[in-house]
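Below are the chains, spelled out letter by letter.
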Amino acid sequence: MKILNFVFLLLPFIILSQDIKITESIERGRLLYEDFCVRCHMPDGKGQKGIIPPIAKSDFLFNHMEESIKALKFGGIDGEIIVNGVKYNSRMEKMGLYDDEIADIMNYTLNTWGNKYDKIIDEKYVKSLKK
Ligand code: HEC
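An account of the accompanying structure is given in this report.

Regarding the overall build of the protein
The helix and strand tally for the protein stands at six helices and two strands. Sequence-ordered secondary structure for the protein, helices as α and strands as β, is α-α-α-α-β-β-α-α. In terms of its C-alpha atoms, the protein occupies a principal-axis envelope of roughly 60 × 30 × 25 Å. For the protein, the residues scored as buried account for 22% of the 131 residues in total. The long-range fraction of contacts in the protein, counting pairs at least 24 apart against all pairs at least 6 apart in sequence, stands at 58%.

In structure tokens form, the structure reads like this:
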């Protein structure tokens, strides 16, 4: 019984520390976004229609999450993609980001401009992605 009480006492702190973790990751991601992404995807995440796809409310991003993160890690996506009904055939460059930076940028992107995602992307996951 005692152990159970202990677990219940601890639970709010575990949840709180998760909240702090995601908030800090999003803040680091915001700064990285301004350095690396804003010039193409724009401050509102809407991109430039027909040239640079939107990442704000992008159907592609949420339906092809792994492919999108790989595009950041390895530099672009081969061939044409359709984002929110519009074709894009330009290529995202490789930016030389570290895996933890990609995780932070993704947590920012997935929780900004009306985007919402309930999981945290971490460095371990980004590291595990192969070409
Ligand atoms: C030089 C311009 C450029 C920069 C800088 C850039 N992107 Fe992209 N991004 C593109 C293009 C072009 C595509 C379309 C995919 C392709 O063909 O490579 C794309 C695709 C994407 C996608 C998947 C498609 C979608 O719209 O959902 C995501 C997510 C994304 N970029 C996020 C980012 C993030 C985050 C950064 C900053 C770390 C960034 N991009 C920097 C040009 C850029």
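Focus on the site of the ligand
Taken together, 27 residues lie around the ligand, and Cys37, Cys40, Pro53, Gly76 and Met92 are the ones closest in. Of all elements in the fold, only helix 2 (38-41), helix 3 (59-63), helix 4 (65-74), strand 1 (81-83) and helix 5 (99-109) reach the threshold of two or more residues within the shell around the ligand. When the residues that make up the shell around the ligand are grouped by side-chain class, the tally is 18 nonpolar, six polar and three charged.

Examining unusual backbone geometry
Most peptide bonds are trans, and most residues other than glycine sit at a negative phi. Within the chain, Met42 stands out as a residue other than glycine whose phi angle is a positive 70°. In this structure, Met42 sits in the loop between helix 2 and helix 3. Taking the number of C-beta atoms within 10 Å as the measure of exposure, Met42 has 15 and is therefore partly exposed.

So, the environment of Cys40
For Cys40, the position within the fold is in helix 2. Given 15 C-beta atoms within a 10 Å radius, Cys40 is considered partly exposed. Sequence-wise, Cys40 and Pro54 are 14 residues apart; in three dimensions their C-alpha atoms are separated by 9.5 Å.

Focus: the packing of helix 1 (residues 2-36) against helix 5
Between helix 1 and helix 5, the least distance of the axes is 7 Å, while the angle of their chain directions is 95°. Of the possible angle classes, the one that applies to helix 1 and helix 5 is roughly perpendicular. Packed against helix 1, whose contacting residues are Ile22, Ser25, Ile26, Arg28, Gly29, Arg30, Leu32 and Tyr33, the element helix 5 presents Glu101, Ala103, Asp104, Ile105, Asn107 and Tyr108 at the interface. The residue makeup of the contact of helix 1 with helix 5, split by class, is seven nonpolar, three polar and four charged.

Things to note about the environment of Asn5
Mapped onto the elements of the fold, Asn5 is located in helix 1. On a C-alpha basis, the gap between Asn5 and Cys37 in space is 47 Å, while along the polypeptide they are 32 residues apart.

Here's the deal with helix 4
Within the span of helix 4, buried status applies to Ser68, Ile69 and Leu72. Viewed along the axis of helix 4, the buried residues span an arc of 95°, placing them on a single side of the element. Lining the buried residues of helix 4 we find helix 3, helix 5 and helix 6 (123-128). Once helix 4 ends, the next one or two residues include Gly75, with phi positive near 95°.

About the cut-offs
Residues numbered from 1 in each chain as written. Predicted model: local features only at pLDDT ≥ 70, side-chain atom pairs only at ≥ 80, totals over all residues. Helix = DSSP H or I, 4+ residues; strand = E, 2+ residues; numbered from the N terminus. Buried ≥ 20, exposed ≤ 12 C-beta atoms within 10 Å, placed from the backbone. Contact = placed C-beta atoms within 7 Å. Near = placed C-beta within 6 Å. Nonpolar A, V, L, I, M, F, W, Y, C, P; charged D, E, K, R; others polar. Axes fitted to C-alpha atoms, helices over the stretch in contact; angles between N-to-C directions. Parallel < 35°, antiparallel > 145°, perpendicular 65-115°, else oblique. Arc of directions from axis to C-beta.

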